[in-house]
Amino acid sequence: MSKTFEDKTGAEVTVSLNESTQAYEVAVADGTVAGSAFFLPGPDAETERIFYHTVVNEQFGGRGLSKFLVAEALDDSSERGVTVVPVCPLFVKKLQETGDDYIAQGGKFRNATGADIDIVKRQA
């Protein structure tokens, strides 16, 4: 999975899934990874992803990169039939604002439980 966009400065950025780091990454045109949205497998490891942390390097701040990360992570998870479990505040906010639309478009998510938080504490 890899998609290219234009950020707020007009520069080209690419969002891709890095399976080895369990993160969606946004990279600038020269290939530098500018930010990541990290996830862990949920209690049902085959069908759930707990999104627990999203970060964009300070030097790339203000370009809207975190929005690309969250949106593409949600879109790709939906396409894969994976249930999103938002722990990261950016994912929580996005799904609070657009969760009904996400579900209407075939996406699935559920609120985090204590068991999900325990997974993050143990593995992140």
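Our subject is the structure listed above.
Residues numbered from 1 in each chain as written. Predicted model: local features only at pLDDT ≥ 70, side-chain atom pairs only at ≥ 80, totals over all residues. Heavy atoms only, no water.

Quick question: what am I supposed to make of the nonpolar core here?
One broad trend across soluble globular proteins is that nonpolar side chains are buried collectively. Counting 22 residues, the largest nonpolar core has Y24, V26, F51, L65, L74 and F91 as its most contacted members. In this structure, V26 is in contact with V13, T14, V15, T32, V33, A34, G35, L65 and L69, ignoring residues within four places of it in sequence. Grouped together as the second largest cluster of nonpolar side chains are five residues, L40, I50, V85 and I119 included. (Core = buried A, V, L, I, M, F, W, Y, C linked by side-chain atoms within 4.5 Å. Buried < 20%, exposed > 50% of the residue type's maximum accessible area, 1.4 Å probe, protein only. Contact = heavy atoms within 4.5 Å.)

Would you explain the side chain of S36 in this entry?
Its place among the elements puts S36 in strand β4 (residues 33-41). With a relative accessible area of 9%, S36 lands in the buried category. (Helix = DSSP H or I, 4+ residues; strand = E, 2+ residues; numbered from the N terminus.)

Can you help me understand the environment of C88 in this one?
With respect to the helices, strands and loops of the structure, C88 is situated in the loop between β6 (83-86) and α2 (89-104). Note on C88: relative accessible area 3%, which makes it buried. In this structure, the C-alpha to C-alpha distance between C88 and T4, residues 84 residues apart in sequence, is 24 Å. If we skip the residues at most four places from it in the chain, C88 touches F51, Y52, H53 and T54.

Hey, could you run me through the side chain of D116 in this one?
Mapping D116 onto the fold places it in helix α3 (residues 114-123). Assessed through its relative accessible area of 0%, D116 is described here as buried. Once residues within four sequence positions are removed from consideration, D116 is found in contact with P43, I50, V85, R110 and N111.

What exactly am I supposed to notice about α2 here?
Side chains of residues three or four places apart in an α-helix project in the same direction, reflecting 3.6 residues per turn. The end-to-end C-alpha distance of α2 is 22 Å, a good match for the 22 Å that 16 residues give at a rise of 1.5 Å each. At T98, α2 is deflected by roughly 75°, the largest bend along its length. Within α2 the residues assigned to the buried category are F91, L95, G99 and Y102. Its buried side turned inward, α2 meets β4, β5 (48-56), α1 (65-80), β6 and β7 (108-109). Note on α2: the residue one or two positions beyond its end, G106, has a positive phi of about 100°. (Expected span 1.5 Å × (residues − 1). Bend = angle between axes of the 7 residues up to and from the residue.)

Help me understand the pairing of β5, please; the structure alone is not making it clear to me.
On a regular strand, each side chain points to the face opposite its neighbour's, so the side chains alternate between the two faces of the sheet. Bridging between β4 and β5 involves seven bridges; their strand directions are antiparallel. Within β5, the position partnered with P41 by the bridge is R49. Here β4 folds back onto β5 in antiparallel fashion, the turn holding six residues. In the sheet, β5 pairs with β6 via four bridges, with the strands oriented parallel. Its bridge partner being in β6, F51 is matched across the sheet by P86. For the crossover from β5 across α1 to β6, the handedness is right-handed. (Pairing = 2+ DSSP bridges. Right-handed = clockwise from strand over helix to strand, strands pointing away.)

Geometric descriptors of this kind do not, in isolation, establish any biological role.
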